[in-house]
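Below are the chains, spelled out letter by letter.
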Amino acid sequence: MDKTYNPSQESAIYDQWEKSGIFTPVVPKNPVQSRLDKEPFTIILPPPNANNPLHAGHALYTVEDTMVRFHRMLGDPTLWLPGTDHAGIETQFVFEKYLQKQGKSRFDYDRQTLFKMIFDYVNQNRDVAKNQMKRLGFSLDWTREKFTMDQDHIGRVYSVFRKMVDEGLIYRDEKIVNYCTFCGTAFSNLEVEHKTVNSHLWYIKYGPLTVATTRPETMLGDTAVAVNPKDQRYQDLVGKTITLPLVNKEIPVIAEESIDPEFGTGAVKVTPSHSPEDYDMAKKHHLEFIRIFDYDGKSNDNVPKKYRGFYPKEVRQMLLDDLQAQGLLLKTEDYTHEVGHCYKCGRPIEPITAPQWFVKIKPLADKAEEVVKKDEILIFPKRFKKSYLTWMKDVRDWPISRQIVWGHQIPVWYCVDNEPTKFDLTFIDKKGQTVHGNWFQICDQGYSYDEIKLGLQSLIADTAAKYYLSEEEAKKHGSFVLQETDTFDTWFSSGQWPYSTLGWDPEGHHSPDFEYFYPTTVLDTMWDILFFWVARMIMFGIYTTGQIPFKVAHMHSRVTDSKGQKMSKSKGNVIDPLTMSDKYGADALRMALVIGVAPGSDISLSEDKIRAQRNFVNKIWNASRFVLMKVEQLEAHSIDIENIDSNKYPEDKEITTKLNALIESTTNNINTYRFGQASEDLYQFFWKSYCDVYIEATKNRGVDAVPVLLHVLVTSLKLMHPFIPFVTEAVYQQIRPILKQSDELIASSGWPKN
RNA sequence: GGUUGUUUAGCUCAGUUGGUUAGAGCGCAUCGUUCACAUCGAUGAGGUCGGGGGUUCGAGUCCCUUAACAACCACCA
């Protein structure tokens, strides 16, 4: 044996494991009955995004690997299923940056071409991530690897969509959505970041009254002014109309309870198409909706000519100038408030009415709330249970359509010729020109259906447009059929991941894998996607399969740098897991990520910490080297460590007593997700109790110390294996030949018992 | 605006059901190279466990209050 542990042998060890097939569980002939007899331990890997190599956060899959290896050693049938997520908007955003470097943009390509380009790009990355996971020792069953872009997954997502449409759980409506004009897509509330902005409150004279607003640019779309019904000042005006300045249009004054008389002037301008509150008000009072900003962010034909074709910021200034000139701008106050920004590009979100697909969330949320409330699904650490329940309680309908190409195209087809004015089409023609208009306008220019279909970029259908859930069905009703160009929110797809990866079948012909492994046991992920992903999986799981998708949702925390700061490229404080593995070994990195970390708290990682764990790994190596040296002094060919006498010497008794306590505490700690405590105890036991005290104590004894030395070593190797699989395996293979009874790999050997 | 979390040695953090002189890693000081390991060993310095109050025979651990920091949620002009 070398004088120090050499981590370069780790890849070879991984290959050995993979070839042995221990990562691949065998599904019994009668999965349903077998599951009742003995439930398997199953984890579906939270699929990493396909757009980037792994970062330190992914290295935390270590926690899952630890659980999986532990259960495998316990003898449980164990499955850890890998996969990758296409990560819709995330990936498209990364790809667009890449396009930008080449002087291109998404507008230069038709839908199909762009999709194909992203697909190729993503495929290059997928193998990188896979090899990285192997490098870190993750005992995943690669024979079952999945990708969210697999046809069978898409097929399942489509079938669930159709079922939800049929049952009225999905609807199409033109509502206020969070729209990013730069990214060109709508977002859910969760994807909006609220930032504090120093702005102004402008007081503008609206005929006989004055309104106070933070968004003067929307006044061109005002269709009412609202006041509190109890407000004495305005009682005479309620029910009457006033003239909207600059536009010179009559708009009503309405009474609305939610208006705070204390704020501003107590009179609020109402812009139903560009403000969520105003939208609700308008629905209630049957006001007119006038959308003045288009999806490209510019003002449209609904505003007076001089204001057309500008961005909100520009319109704002023009209006303020004009109001000032006419003496209608009475006052400007400093005002600080929260404004929604796009979580991807950081630009302000424009609330815009747009036709989108929505999930009616309440029926799903009610059940998802109940299972957690009743602890049928255990959320760990407990504090996340509370935030989950709070969120579930007043969750709003979920907009699931995204105006991007990278994702699952919504399986809905329109007959564009039947309702020619209801579709807003954009496509690139044969000459490479971008053409825009409705069906009539485009046909007038002489374009054919085939040319439009081939070059199609986007199709925006009126909410009243008739749609069909399959292409065949649509073709029965019209000859010019086009598919919806919106794609699903990624979480609509990944929310169905647990049952989809296991082979759930819409017709009920489920795969043996599904029957045996579903519901899964543990879902481990970072708390930042508790609502995005965990909550959606619970809702979908219950809705589609009638069962919860997993029994435990274990939330881990984020990896920070040595100062507790979030890692980011711009800060330059990222620690690359692969660089660290090459330098110090994967075991050292894994140990550094779990040791002494309290459940759910941030994990501060530093190279110093990894180096310290490398030293620990080396300590194991060298202690083993010492024991083997002692063994060589023996004449015996093999040693029986199953039946040892530890009562002869006090130090033997002491170490075996401690070892037995360690077996118990380690088992308990892993079972209760206290990995930080478990690894800490193992570290202390091995280095202090075993090496510094016990080994030293045996040095003045002869070979009669060997059986206990060996017994404690082998047992602690097994206990440490889930955390640091490589060194324990490497050492075990050195020791194995002299053991009387042994498994071929430590990875397949039994968990120690007292 | 609402909610949650954090505050323990110079640094990063453990400390589950309250119980003897409060722990680890790194860093620091002194010493030690005879054959497991200098990626090592021995010894040591260093903490009024954010502040205040309370419960208790006993509190870092439970309760109240306060301060600082962090994060999450949020359609008020």
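Thoughts on the overall build of chain A
From N to C terminus, chain A includes 24 helices and 28 strands. Evaluated residue by residue, chain A yields a buried proportion of 57% over its 754 residues. The contacts in chain A between residues at least 6 apart in sequence include a share of 78% that link residues at least 24 apart. Only carbon and sulfur atoms are counted for the fraction: they give 49% of the accessible area of chain A, which is about 32,300 Å².

Brief notes about the sheet that holds strand β11 (residues 249-255)
Taken in spatial order, the four strands make up an open sheet running β10-β11-β9-β12, and their pairing is mixed. The outermost strands of the open sheet, each flanked by one partner alone, are β10 (241-244) and β12 (267-270). Direction aside, the axes of adjacent strands within the sheet are offset by 35° on average.

Some points on the pattern of salt bridges
Counted by the stated rule, this structure contains 43 salt bridges. Taking the shortest distance from any N to any O, the salt bridge between Glu654 and Lys658 comes out at 3.7 Å. Here the residue Glu654 and the residue Lys658 both occupy positions in helix α21 (residues 650-671), the gap between them amounting to four residues, near one helical turn. For Glu654, a relative accessible area of 44% gives the class partly exposed. Classification of Lys658 by relative accessible area gives partly exposed; the value is 40%.

Some words on helix α24 (residues 725-735)
Burial of α24 is extensive: nine of the eleven residues sit out of reach of the surface. If you follow the buried residues of α24, they end up packed against α1 (10-20), α3 (61-74), α5 (111-135), α19 (586-594), α20 (607-632) and α23 (706-720).

Some thoughts on unusual backbone geometry
Along the chain, Phe380 connects to Pro381 via a cis peptide bond; the corresponding omega equals -5°. Mapped onto the elements, Pro381 comes out in the loop between β15 (378-380) and α10 (383-393). Of note, the phi angle at His286 is positive, near 55°, even though the residue is not glycine. Residue classification places His286 among the exposed residues on the basis of a relative accessible area of 72%.

Considering the packing of aromatic side chains
Here the structure, examined in full by the defined rule, presents 45 aromatic pairs. Pairing Trp398 with Phe540 gives two aromatic rings, centres 6.2 Å apart and planes at 65°, and the pair type is edge-to-face. Of the two residues, Trp398 sits in strand β16 (residues 398-399) while Phe540 sits in helix α17 (residues 530-545), which places them 142 residues apart along the sequence. According to the relative accessible area criterion, Trp398 is buried, its value standing at 3%. Residue class for Phe540 comes out buried when judged on its relative accessible area of 3%. Judged by centre distance (6.2 Å) and plane angle (25°), the ring pair of Tyr690 and Tyr694 falls under stacked. Linking Tyr690 with Tyr694, this pair stays in helix α22 (residues 675-698), spanning four residues, or about one helical turn. Residue Tyr690 shares its accessibility class with Tyr694, and that shared class is buried. Taken together, the ring pairs in this structure connect Tyr158, Phe161, Trp357, Trp398, Tyr467, Phe488, Phe492 and Phe540 into an aromatic cluster. The ring centre of Tyr543 lies 4.2 Å from the NZ or CZ of Lys163, which sits over that ring. The aromatic ring of Phe182 is capped on one face by Arg347, whose charged end is 3.6 Å from the ring centroid.

Describing the protein's contact with RNA strand B
Every one of the 50 residues lining RNA strand B counts as a neighbour, but Phe263, Glu277, Arg396, Ser604 and Trp687 are closest to it. Between RNA strand B and Gly596, the relevant distance is 3.0 Å, taken from a sugar or linking oxygen to a main-chain nitrogen or oxygen of the residue. A distance of 3.4 Å separates a base nitrogen of RNA strand B from a polar atom in the backbone of Ala623. When contributions to the surface near RNA strand B are tallied by element, the ones reaching two or more residues are β8 (209-213), α7 (276-285), β13 (329-342), α10, α20 and α22. Counted by class, the surface near RNA strand B contains 17 nonpolar, 15 polar and 18 charged residues.

Observations concerning the sheet that holds strand β23 (residues 481-483)
Within the open sheet, the three strands sit side by side as β22-β18-β23. Their pairing is antiparallel. Edge strands, defined here as strands with exactly one partner in the open sheet, are β22 (467-468) and β23. In this structure, strand β18 (residues 413-415) lies alongside β23, joined through three bridges in antiparallel fashion. Residue Tyr414 lies in a different strand from β23, and its bridge partner there is Leu482.

Some remarks on the packing of α21 against α22
Packing of α21 against α22 leaves a shortest axis separation of 10 Å and a crossing angle of 170°. By the criterion of interaxial angle, the relationship of α21 to α22 is roughly antiparallel. Where α21 abuts α22, its residues Glu651, Asp652, Ile655, Lys658, Leu659, Leu662, Ser665, Thr666, Asn669 and Ile670 lie against Phe675, Gln677, Ala678, Asp681, Leu682, Phe685, Ser689, Tyr690, Tyr694 and Ala697. Of the residues contributing to the contact of α21 with α22, the split by class is eleven nonpolar, five polar and four charged.

Here we look at the environment of Ser387
Note on placement: Ser387 falls in helix α10. Along the sequence, Ser387 and Lys305 sit 82 residues apart, while their C-alpha atoms lie 49 Å from each other. Ser387 has contacts with Leu530 and Phe531, leaving out every residue within four places of it along the chain.

Notes on the nonpolar core
One recurring pattern in soluble globular proteins is that nonpolar side chains are buried together. Residues Leu605, Ile610, Phe686, Tyr690, Phe723, Ile724 and Ile735 are the most contacted members of the largest nonpolar core, which totals 96 residues. When residues no more than four places from it in sequence are discounted, the contact partners of Ile610 are Ile575, Met580, Tyr584, Ala588, Leu589, Ala592 and Leu605. Counting residues in each nonpolar core, the second largest holds 94 residues, with Met164, Met392, Tyr468 and Leu482 among its members.

As for the confidence of the model for chain A
Averaged over chain A, the pLDDT score is 91; the fraction of residues at 70 or greater is 100%. Scored as a whole, the predicted complex attains pTM 0.93, and scored at its interfaces, ipTM 0.94.

About the cut-offs
- Residues numbered from 1 in each chain as written.
- Chains lettered and ligands numbered in written order.
- Predicted model: local features only at pLDDT ≥ 70, side-chain atom pairs only at ≥ 80, totals over all residues.
- Heavy atoms only, no water.
- Helix = DSSP H or I, 4+ residues; strand = E, 2+ residues; numbered from the N terminus.
- Buried < 20%, exposed > 50% of the residue type's maximum accessible area, 1.4 Å probe, protein only.
- Contact = heavy atoms within 4.5 Å.
- Areas by Shrake-Rupley, 256 points an atom, 1.4 Å probe, with all protein chains shown as cover.
- Pairing = 2+ DSSP bridges.
- Axes fitted to C-alpha atoms, helices over the stretch in contact; angles between N-to-C directions.
- Salt bridge = Lys/Arg side-chain N within 4 Å of Asp/Glu carboxyl O.
- Phe/Tyr/Trp six-rings, centres within 6.5 Å; stacked < 30°, edge-to-face > 60°.
- Lys NZ or Arg CZ within 6 Å of the ring centre and 35° of its normal.
- Near = heavy atom within 4 Å.
- Polar contact = N/O pair within 3.5 Å; in protein donor to acceptor, adjacent residues only side chain to side chain.
- Nonpolar A, V, L, I, M, F, W, Y, C, P; charged D, E, K, R; others polar.
- Parallel < 35°, antiparallel > 145°, perpendicular 65-115°, else oblique.
- Core = buried A, V, L, I, M, F, W, Y, C linked by side-chain atoms within 4.5 Å.
- pLDDT = per-residue confidence, 0-100.

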